[in-house]
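# Structural overview for review
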Amino acid sequence: MADQPQPDGSQPDGLEQRRPDDGPVCEDRPVVLSVHQLTKRFGKILAVDHLDLAVCRGDVFGFLGPNGAGKTTTIRMIFGLIFPTSGHAEVVGHRVPGERVAALRHLGGFVEVPAFYPNMSARRNLRLIGSAGGRVTEQRIGEVLDIVGLLGRADSKVGGYSHGMKQRLGIANALLGDPDLIILDEPTSGLDPQGMKDVRELVRELGRAGTTVFLSSHLLHEVEQVCNRAVIINKGRTVVEGPVSTLRPREDTVKVMTGDQRKAFETARGLFGEQGVRWDEDYVVVRTDDDGVPELVRRLVADGLDVRAVVPAIEQGLEDFFLELTQSSDVDAPAGAAAPPGAVAPAGATTGAHANGAGATGTSSAPDGQG
Amino acid sequence: MRSLWREFVKILFQRRTYVGWAGLLAVPLLIVLALQLSSSKPGPGEGPPFFSAITNNGVFVPLAAVGALSFFLFPLVAAMAGAYPLAGEAEMGTMKTWMSRPLGRPTVLFSKWGVAILYVIVGMLLVGVGGLVAGWLVFGAHPLVTLSGTTITIPAGIWRIVLANGLILGALLCMISLAMLVSTLSNSSLTAAISAMVIYVVLNILNGFHYFDFMKPYTFTSYSLAFTNLFRDPIYWHPIRDALLTYGVTVAALLAASWLVFRRKDILT
């Protein structure tokens with residue numbers, strides 16, 4: 001099968017053929033990381049289910065999925081921390097498991113939360129951990145601490161660092177050996193909005209500088225901000241893979257505020273049907289293509305409603321889209337949760353019920369705040 | 001060797017490292033102090049081995065101290081030293097940091113075993129050198145009278161004390177390897193250290209019953225006094241050889257089991 005290593009798979013920079021049916025994903029760029037029919041079973045639970053993916057040199061690759069989708073398990077298998085039930089990963093031509101040590105020479109990054117020695121300074125931590133991958137110079141340690149903006153605190157103990165600083169130190173550690181690929185497992189999780197913004201900006205800059213990044217995240221808009229390609233997984237299976245632009249929802253989403261929201265809600269439903277209209281707190285959220293918005297405003301005005309605000313709701317749009325993608329493959333989720341957002345509450349139910357439905361949807365994007 | 005050095009740097013940044021070493025160094029110093037200040041010295045044959053000889057000859061202090069410590073504090077320190085490098089890192093979450101670096105699993109496991117030995121050897125040096133210096137200063141140094149009644153020179157005596165430490169180290173290697181085996185199975189360093197101590201204590205109790213005499217040759221705990229045979233003239237090698245054989249087999253078996261577990265272990269933290 002195509003997931004066998006190709007006879008020419010050991011070309012100078014690990015360039016390999018993709019599966020014929022997938023077409024040339026990387027075109028003329030070498031594949032840095034590929035995962036072939038990777039499967040991990042914990043007892044009865046299939047955490048990762050015959051997963052395939054390929055990361056090309058220069059990609060900032062988004063590895064997207066809800067919590068429990070199998071992202072961390074996949075990353076653990078790529079690092080060789082745990083053993084796959086079947087399948088394998090390949091890092092610059094080295095199979096994991098099997099050639100784990102050779103593969104790890106090309107890899108940097110962290111799984112879950114980066115862990116360091118609290119009694120040591122950042123500099124000493126990097127010196128100690130970095131020495132396990134070859135020679136590290138003091139100059140390089142200074143460089144990577146500068147990249148992540150920790151140079152000023154380089155000599156204070158890591159025990160006193162904030163969560164965001166530890167995340168950034170994790171990225172510094174990933175960069176230390178100048179690897180071909182860095183893997184960051186939810187680097188913005190648990191950070192405040194400013195911390196998230198900083199880390200995303202950092203990842204974007206790494207991408208601009210040519211570093212290949214594999215970024216796991218459960219936030220579609222985060223991946224859209226920093227990545228060029230992405231795969232969305234759920235229940236250990238690929239839902240959709242491709243350039244980030246193709247992951248966008250086909251419609252736009254706007255939030256509408258009028259003088260009479262109940263009436264506006266009914267009007268909008270009359271125009272776009274139940275699927276495209278829902279509540280988000282006090283706003284009516286409408287999913288439509290571009291021509292729909294002027295038409296909606298005309299109808300609201302014609303119905304005698306004061307249109308106070310029509311606001312683009314990109315984040316809600318993306319998160320709705322993400323939920324739909326992941327939930328449509330969510331076979332055994334409860335019926336209510338599996339329905340697309342907007343169809344949560346039956347027509348004619350009270351505003352309160354709508355607000356609850358919208359609120360439940362809203363929690364998926366809540367950890368991100370407005371960042 | 002680089003991995004061993006890295007492990008050593010790591011334990012140097014742990015406070016418990018110094019607690020263990022300080023406790024070990026304190027014992028020979030306290031023995032000297034107590035015997036010097038006390039009015040009733042232990043008579044010949046009283047107290048733990050070689051205690052009665054100390055007041056006449058300070059060279060016996062390191063021997064008496066290591067002999068006394070070999071029953072409890074040294075096994076405890078060895079259990080801690082063997083348990084911490086693996087399970088302690090799992091507790092801190094740094095195990096996955098190391099296992100994400102290009103280091104082979106054998107390198108990781110055996111450098112951790114090595115650093116535990118290094119830790120215990122440093123402890124033995126503290127006891128030996130500290131005891132010798134303190135004993136020499138307070139009680140003076142004289143040629144040693146062996147258990148057989150003959151006299152050997154001070155350098156020859158010190159050499160035999162070094163050999164005695166080596167033999168005791170063999171038993172401690174068993175403790176280290178035991179603690180390491182448990183720490184490959186558990187991600188708690190406390191569980192690993194305590195389990196090793198529990199097994200040690202139980203084996204010691206079993207060794208005390210004649211009913212269990214049949215297993216005595218095979219348990220590493222039953223050779224705790226074998227080192228005294230180094231102080232006969234000529235050295236009575238037979239029990240020493242038995243002890244070394246048991247230690248060797250025990251350590252090899254425990255290490256092999258540790259490797260079998262660690263080779264395919266899922267590193268989750």
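Above: the structure in question.
Residues numbered from 1 in each chain as written. Chains lettered and ligands numbered in written order. Predicted model: local features only at pLDDT ≥ 70, side-chain atom pairs only at ≥ 80, totals over all residues.

### Focus: the sheet that holds strand β14 (residues 307-312) of chain A
Residues and elements named next belong to chain A.
- Overall, antiparallel pairing links the four strands, which are arranged β12-β13-β11-β14 in an open sheet. Where the open sheet ends on each side, the last strands, each with one partner, are β12 (277-280) and β14. The average undirected angle you get between the axes of adjacent strands in this sheet is 30°.
- Here five bridges tie strand β11 (residues 252-258) to strand β13 (residues 283-288), and the two strands are oriented antiparallel to one another. Following the sheet pairing, D252 is matched in β13 by T288.
- In the packing of helix α9 (residues 261-272) onto the sheet, the strands contacted are β11, β12 and β13, and the crossing angle to β13 comes to about 10°. (Pairing = 2+ DSSP bridges. Helix = DSSP H or I, 4+ residues; strand = E, 2+ residues; numbered from the N terminus. Axes fitted to C-alpha atoms, helices over the stretch in contact; angles between N-to-C directions. Contact = placed C-beta atoms within 7 Å.)

### Remarks on unusual backbone geometry
- Looking along the chain, the bond that leaves A:V96 and enters A:P97 is cis, with omega of -5°.
- Between B:D233 and B:P234 the backbone carries a cis peptide bond, its omega angle lying at 0°.
- Turning to its location among the elements, B:P234 is positioned in the loop between α9 (189-207) and α10 (237-263).
- Here the phi dihedral of A:H50 falls at roughly 45°; this positive angle occurs in a residue that is not glycine.
- Mapping A:H50 onto the fold places it in strand β2 (residues 45-56).

### Here's the deal with α10(B)
Residues and elements named next belong to chain B.
- Spanning 27 residues, α10 covers 38 Å between terminal C-alpha atoms, matching the ideal 39 Å at 1.5 Å per step.
- Among the residues of α10, those classed as buried are I240, A243, T246, Y247, T250, V251, L254, S258 and F262.
- Here the buried face of α10 lies against α7 (105-139) and α8 (154-185). (Expected span 1.5 Å × (residues − 1). Buried ≥ 20, exposed ≤ 12 C-beta atoms within 10 Å, placed from the backbone.)

### What about the sheet that holds strand β5 (residues 94-96) of chain A?
Residue and element names in this part refer to chain A.
- Strand order in this open sheet of four strands is β2-β1-β4-β5, and the pairing throughout is antiparallel. Single-partner strands in this sheet number two, and they are β2 and β5. Strand-to-strand twist of the sheet, defined as the mean angle between neighbouring strand axes without regard to direction, takes the value 20°.
- With five bridges connecting them, strand β1 (residues 31-42) and strand β4 (residues 86-91) associate as antiparallel partners. When the sheet's bridge partners are listed, L33 is paired in β4 with V91.
- Along the sheet face, helix α1 (residues 71-79) touches β1, β2, β4 and β5 and points at about 115° away from the line of β1.

### Considerations on the interface of chain B and chain A
- Of the residues lining the interface, 20 residues belong to chain B; the matching set on chain A comes to 18 residues.
- Residue composition of the side of chain B that touches chain A, by class: eight nonpolar, five polar and seven charged. (Nonpolar A, V, L, I, M, F, W, Y, C, P; charged D, E, K, R; others polar.)

### Side note on the pairing of strand β3 (residues 60-64) of chain A
All names here are of chain A.
- The buried count for β3 comes to five of five residues, which makes it a mostly enclosed element.
- In β3, alternate side chains face the same way, and those of V60, G62 and L64 on one face and F61 and F63 on the other are all buried.
- Here five bridges tie β3 to strand β8 (residues 213-217), and the two strands are oriented parallel to one another. Of the residues in β8, the one forming a bridge with G62 is L215.

### Focus on the pairing of strand β7 (residues 181-185) of chain A
All names here are of chain A.
- The element β7 is largely enclosed, with a buried count of five among its five residues.
- The two faces of β7 match: L181, I183 and D185 on one face and I182 and L184 on the other face are all buried.
- Inspection of the sheet shows strand β6 (residues 107-110) paired to β7 by four bridges, in the parallel sense. Opposite G108, over in β7, you have I182 as the bridge partner.
- In this structure, β7 lies alongside β8, joined through four bridges in parallel fashion. Bridge assignment links I183 to a residue of β8, and that residue is F214.

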